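Structural description and commentary
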Amino acid sequence: MAAMDSATGRIFLDYSARKLEQLSGRIVTCLGRLNQDQVWRRGAETENAVANIVLHLCGNLRQWIGFGVDGRPDVRERDREFAARKGAGPAALAALLEDGAADSCLVLRRLPEGRLLENVTVQGYTVTVLEAVYHVVEHFSYHAGQVVFATKNMTGEDPGFYRHLSQPGRHHERTP
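Keep in mind it's a predicted model, so treat the numbers as computed, not measured.

Here's the deal with the overall build of the protein
The helix and strand tally for the protein stands at six helices and two strands. For the protein, the succession of helices and strands along the chain, N to C, is α-α-α-α-α-β-β-α. For a compact globule of 176 residues, the expected C-alpha radius of gyration is about 16 Å, and the protein comes in at 17 Å, within 12% of that figure. In terms of principal-axis extent, the alpha carbons of the protein reach across some 50 × 50 × 25 Å.

Shown next, in the form of structure tokens:
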């Protein structure tokens, strides 16, 4: 396989870290609008509570970035992320998510671009480091949307993440 251009690799890694920071910030904002009962609320047994989603995202970060990319021990217990029915409150969940995202972003920012085409095996899947990072950002985005949706449903409020787009004459230097 040909080597990846260093500048392209750096752009990908930096953007991935920024996106994880943005999305974790949105989830933290949502957690700040929810109470203990709301973060553990399920509409049906087949649904996940916001708290389960946060636990799941933290586990995913640890496994795919911590283990798969950074080579740490794989300590994830994925089934426990979904089995929990009570536990940490909104502030503790926010701190857990912020720590996990910050740690993953640090790994991405210090990762040599040359490793992006290296193969790693996570959850039985053999993928490149680039694919592992892409998976994490895509997966995080998917679940962030679920948390935002659930928060809107429970609070009846729009968190206002895109309010700036309604302001005439605003130009954005970077893609969100």
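Considerations on the nonpolar core
Ranked by size, the top nonpolar core spans 45 residues in total, and within it Leu-20, Ile-27, Leu-31, Val-54, Val-69, Leu-97 and Phe-140 carry the most contacts. Elements with a minimum of two residues in this core: helix H1 (6–31), helix H3 (50–69), helix H5 (90–110), strand S1 (119–122) and helix H6 (129–155). If you tally residues by element for this core, the top one is H3, at 10 residues.

Overview of the packing of H1 against H5
Relative orientation of the contacting elements H1 and H5 amounts to 175°, with a least axis distance of 9 Å. Here H1 is positioned roughly antiparallel relative to H5, judged by the angle of their axes. Note on element contacts: H5 touches H1 through Pro-90, Leu-93, Ala-94, Leu-97, Glu-98, Ala-101, Cys-105, Leu-108 and Arg-109, opposite Arg-10, Leu-13, Asp-14, Ser-16, Ala-17, Arg-18, Leu-20, Glu-21, Ser-24, Ile-27, Val-28 and Leu-31. Here the residues of the contact of H1 with H5 sort into 13 nonpolar, two polar and six charged.

A look at the pairing of strand S2 (residues 125–128)
Side-chain positions along a regular strand alternate between the two faces of the sheet. Where S1 lies against S2, four bridges are found, and the strand directions are antiparallel. Among the inter-strand pairings, Val-120 is bridged to a residue of S2, identified as Val-127. Turn length for the S1-S2 hairpin, with the two strands adjacent in sequence and antiparallel, is two residues, and the turn residue Gln-123 shows positive phi of about 55°.

Quick look at the side chain of Arg-76
For Arg-76, the location among the structural elements is in the loop between H3 and helix H4 (78–83). A relative accessible area of 11% means that Arg-76 is categorised as buried. A distance of 2.7 Å separates the side chain of Arg-76 from the side chain of Glu-81, its partner in a polar contact. Excluding its chain neighbours within four sequence positions, the residues that come into contact with Arg-76 are His-56, Gly-59, Asn-60, Gln-63, Trp-64, Glu-81 and Gln-123.

Side note on the environment of Ala-88
Position of Ala-88 among the secondary structure elements: in the loop between H4 and H5. According to the relative accessible area criterion, Ala-88 is partly exposed, its value standing at 34%. The spatial distance from the C-alpha of Ala-88 to the C-alpha of Asn-119 is 36 Å, given a sequence separation of 31 residues. Ignoring any residue separated from it by four or fewer positions in sequence, one finds Ala-88 in contact with Gln-36, Val-39, Trp-40 and Leu-93.

Definitions and limits used
- Residues numbered from 1 in each chain as written.
- Predicted model: local features only at pLDDT ≥ 70, side-chain atom pairs only at ≥ 80, totals over all residues.
- Heavy atoms only, no water.
- Helix = DSSP H or I, 4+ residues; strand = E, 2+ residues; numbered from the N terminus.
- Rg over C-alpha atoms; globule rule 2.2 N^0.38 Å.
- Core = buried A, V, L, I, M, F, W, Y, C linked by side-chain atoms within 4.5 Å.
- Buried < 20%, exposed > 50% of the residue type's maximum accessible area, 1.4 Å probe, protein only.
- Axes fitted to C-alpha atoms, helices over the stretch in contact; angles between N-to-C directions.
- Parallel < 35°, antiparallel > 145°, perpendicular 65-115°, else oblique.
- Contact = heavy atoms within 4.5 Å.
- Nonpolar A, V, L, I, M, F, W, Y, C, P; charged D, E, K, R; others polar.
- Pairing = 2+ DSSP bridges.
- Polar contact = N/O pair within 3.5 Å; in protein donor to acceptor, adjacent residues only side chain to side chain.

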